[in-house]
Amino acid sequence: MTDVASDFRQPRRYVRLDTILRLRWLAALGQLVAIFIVAQGLEFDVPIVPCVTIVTFSALLNLALQIAFNPMQRLEPAYAAALLAFNIVELGGLLYFTGGLQNPFSFLFLAPVLISATVLPIRLTIALGCLAVACASALFFYHLPLPWDADDPLVLPPIYLIGVWLSILLAIGVTSLYAFQVTEEARQLSDALAATELVLTREQHLTQLDGLAAAAAHELGTPLSTIFLISRELEKTVHDAAIAGDLKTLREQAQRCRDILSKIAQLSSSGAPFDTMKLSTLIEEAVAPHRDFGINIKVRLAVAATPEPVAARNPAILYGVGNILENAVDFAHQTVEVNAWWNAETVEVVVSDDGPGIAPDMLKRIGEPYLSRRRGADEAQNPRGGLGLGVFIARTLLERTGAKVSFTNRTFPDHGAVVQIVWPRERFEEAAPGDETES
């Protein structure tokens, strides 16, 4: 599980140059339209030359970037942040000539920081936020008058401008933090689901390889038997000692190949894609890899009036139950218990351990991808212990087969975690490899 987590835990925070350029072209167009409306439509005295110069410089930079670089290439985070920083400085320059914080467009300082919060690392977003706040603070003191009717000038009280500055500051902080959190959770969920699909695909491929091995053993068995029989008959009729020795070697090697194929067929016979397995067999196969870690694993099957449920061999169920068992073994002090029972309606498997249990603040969040917290003394002694992507994948795979997975702790004075897996019996018995029906 560690390998899979490492493949997906560090998403690449790259953004395409084309995306930034489209936003910059849109901003330049909007700025020109605003200048034109204020100057020509409202007939306010706008310093057109410096404003148009700033917008023109921005447009020329966009054009140079489009010519010099492939717009489809993905920018390193630092370069994307530099372009967003230029947007902030450019907006600050325009606002300097058009009233500073008195200009209602001053809230556009939020846009570059919000974009950064969705695609760039947190450190760069904080830097851009600080730059935006610095520009807004400078504009509070230094700016040209707001373009307005000369006969009826607009004078805003300082307390109002302080409120505008404070609202910009809070908007940058709160909305950026919210956008970053939502984007990060969506990214983690997407990566974890991709890891889930990878694990399920690996398990299905292994099952298919078992079937292929069985088919190969069957197909190669006949020609090897023929070689073995012919070489044995020739060995009886040939009197030349050298040729007889070669024939004996050929017969022995053919027999060796037959023995190897026989072992492959025996190993694969229980793992063919269309085999079925009883619940007890499924549990034993999931438990077997974890018996040699110094933890006593007790398996108990309740006697029921109905026949034992039988399901198609399903890599999702095997991996999911196996991963939960692995976590139980990792955290257990001495014993892990696996209890199973069934009736005509349901099939239930409960895995419990005598470890430290699940922290109360984590119980409702178990099953989220990349779940982490400060580790206690018991957990710190266990380098393998952890709940996050592995449990998420196990839970997702089991729920796809129709199971309901719940996590609790043992009742005091006992201690340890309890994982309950419950299937509707009909869904359990019809579960097949590749089943992707959502529960």
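Criteria and thresholds
- Residues numbered from 1 in each chain as written.
- Predicted model: local features only at pLDDT ≥ 70, side-chain atom pairs only at ≥ 80, totals over all residues.
- Heavy atoms only, no water.
- UniProt positions renumbered as here; feature names shortened; annotations may be inferred.
- Helix = DSSP H or I, 4+ residues; strand = E, 2+ residues; numbered from the N terminus.
- Core = buried A, V, L, I, M, F, W, Y, C linked by side-chain atoms within 4.5 Å.
- Buried < 20%, exposed > 50% of the residue type's maximum accessible area, 1.4 Å probe, protein only.
- Contact = heavy atoms within 4.5 Å.
- Axes fitted to C-alpha atoms, helices over the stretch in contact; angles between N-to-C directions.
- Parallel < 35°, antiparallel > 145°, perpendicular 65-115°, else oblique.
- Left-handed = near helix turned anticlockwise from the far one by under 90°.
- Nonpolar A, V, L, I, M, F, W, Y, C, P; charged D, E, K, R; others polar.
- Salt bridge = Lys/Arg side-chain N within 4 Å of Asp/Glu carboxyl O.
- Patch = residues over 30% accessible without salt bridge, like charges linked within 9 Å, V, L, I, M, F, W, Y side chains within 5 Å.
- Areas by Shrake-Rupley, 256 points an atom, 1.4 Å probe, with all protein chains shown as cover.
- Phe/Tyr/Trp six-rings, centres within 6.5 Å; stacked < 30°, edge-to-face > 60°.
- Pairing = 2+ DSSP bridges.

1. A short note on the UniProt feature "transmembrane region" (unreviewed entry) in the protein chain
The positions that UniProt labels "transmembrane region" (unreviewed entry) are, in the present scheme, residues 21-40, 46-65, 77-97, 103-120, 127-146 and 158-180. For the annotated span residues 46-65, helix accounts for 90% and strand for 0% of the residues, and the straight-line distance between the end C-alpha atoms is 30 Å. Note that residues 127-146 is 75% helix and 0% strand, and that its end C-alpha atoms are spaced 29 Å apart.

2. Notes on the nonpolar core
Counting residues in hydrophobic clusters, the biggest one holds 39 residues, and the most contacted among them are Val321, Val336, Ile421 and Trp423. Of all the elements in the fold, those that place two or more residues in this core are helix H9 (279-287), helix H10 (315-331), strand S6 (335-342), strand S7 (346-353), helix H13 (389-400), strand S8 (404-409) and strand S9 (417-424). Residue contributions to this core peak at seven residues, all from H10. What Ile421 contacts, discounting residues up to four positions off in sequence, is Val321, Ile324, Val347, Glu348, Val349, Leu398, Ala403, Lys404 and Val405. Core analysis: the second largest hydrophobic core is formed by 29 residues, Leu65, Leu83, Val164 and Ile172 among them.

3. What about the packing of helix H3 (residues 48-68) against helix H4 (residues 77-97)?
Their axes nearest at 9 Å, the elements H3 and H4 cross at an angle of 165°. By the criterion of interaxial angle, the relationship of H3 to H4 is roughly antiparallel. You can see that H3 and H4 cross each other, and the crossing is left-handed. In contact with Pro50, Cys51, Ile54, Val55, Phe57, Ser58, Leu61 and Leu65 of H3, H4 contributes Leu83, Phe86, Glu90, Gly93, Leu94 and Phe97. For the contact of H3 with H4, the class distribution of residues is 11 nonpolar, two polar and one charged.

4. Side note on the pattern of salt bridges
This structure, assessed with the given rule, holds six salt bridges. Between Arg22 and Asp18 there is a salt bridge, with its nearest N and O atoms 2.7 Å apart. A residue pair is termed a helical-turn pair when its members lie 3 or 4 positions apart in one helix, as Arg22 and Asp18 do in helix H2 (residues 17-41) at four residues. On the basis of relative accessibility, which here comes to 9%, the residue Asp18 falls in the buried class. Ionic pairing is found between Arg291 and Glu284, a salt bridge with its closest N-O pair at 3.2 Å. Relative accessible area serves as the criterion here: at 34%, Arg291 is assigned to the partly exposed category.

5. Quick look at unusual backbone geometry
Between Phe412 and Pro413 the backbone carries a cis peptide bond, its omega angle lying at 15°. Relative to the helices and strands, Pro413 is located in the loop between S8 and S9.

6. Let's talk about a nonpolar patch on the surface
The grouping of Leu29, Val33, Phe36, Ile37 and Leu42 at the surface amounts to a nonpolar patch, some 490 Å² of accessible area in total. As for its position among the elements, Val33 is in helix H2. Under the relative-accessibility criterion, Val33 is labelled partly exposed at 41%.

7. Describing the packing of aromatic side chains
In the structure shown here, the tally under the stated rule is five aromatic pairs. Relative to Phe97, the ring of Tyr96 lies with its centre 5.1 Å away and its plane at 80°, an arrangement referred to as edge-to-face. Between Phe141 and Tyr142 the ring centres are 6.5 Å apart and the planes differ by 55°, which places this aromatic pair in the tilted class. Overall, Phe141 belongs to the exposed group, its relative accessible area being 61%. Under the relative-accessibility criterion, Tyr142 is labelled exposed at 59%. A connected cluster of aromatic rings, assembled from ring pairs, spans Phe140, Phe141 and Tyr142.

8. Examining the pairing of S7
The element S7 is extensively covered by neighbouring structure, given that seven of its eight residues are classed as buried. By the bridge criterion, seven bridges tie S6 to S7 in an arrangement that is antiparallel. Following the sheet pairing, Val338 is matched in S7 by Val351. If you look at the hairpin formed by S6 and S7, you'll find three residues sitting between the two strands. One ladder, built from seven bridges, connects S7 with S9; its direction is antiparallel. Looking across to S9, one finds that Ser352 is bridged to Val418.

9. Digging into the packing of H2 against H4
With their axes 11 Å apart at the nearest point, H2 and H4 run at an angle of 10° to one another. With respect to their mutual orientation, H2 and H4 come out roughly parallel. Residues Leu17, Ile20, Arg24 and Gln31 of H2 form the contact with H4, whose own contacting residues are Leu83, Leu84, Phe86, Asn87, Glu90 and Leu94.

10. Examining the sheet that holds S8
Spatially, the five strands line up as an open sheet ordered S4-S6-S7-S9-S8, and their pairing is mixed. The two strands at the open ends of the sheet, each matched to only one other strand, are strand S4 (296-301) and S8. Taking the axes of each pair of neighbouring strands and ignoring which way they run, one obtains an average angle of 15° across the sheet. Alignment of S8 against S9, held across six bridges, turns out to be antiparallel. Within S9, the position partnered with Phe407 by the bridge is Val419. Where H10 meets the sheet, it contacts S4, S6, S7 and S9, and its direction lies at approximately 165° from that of S9.

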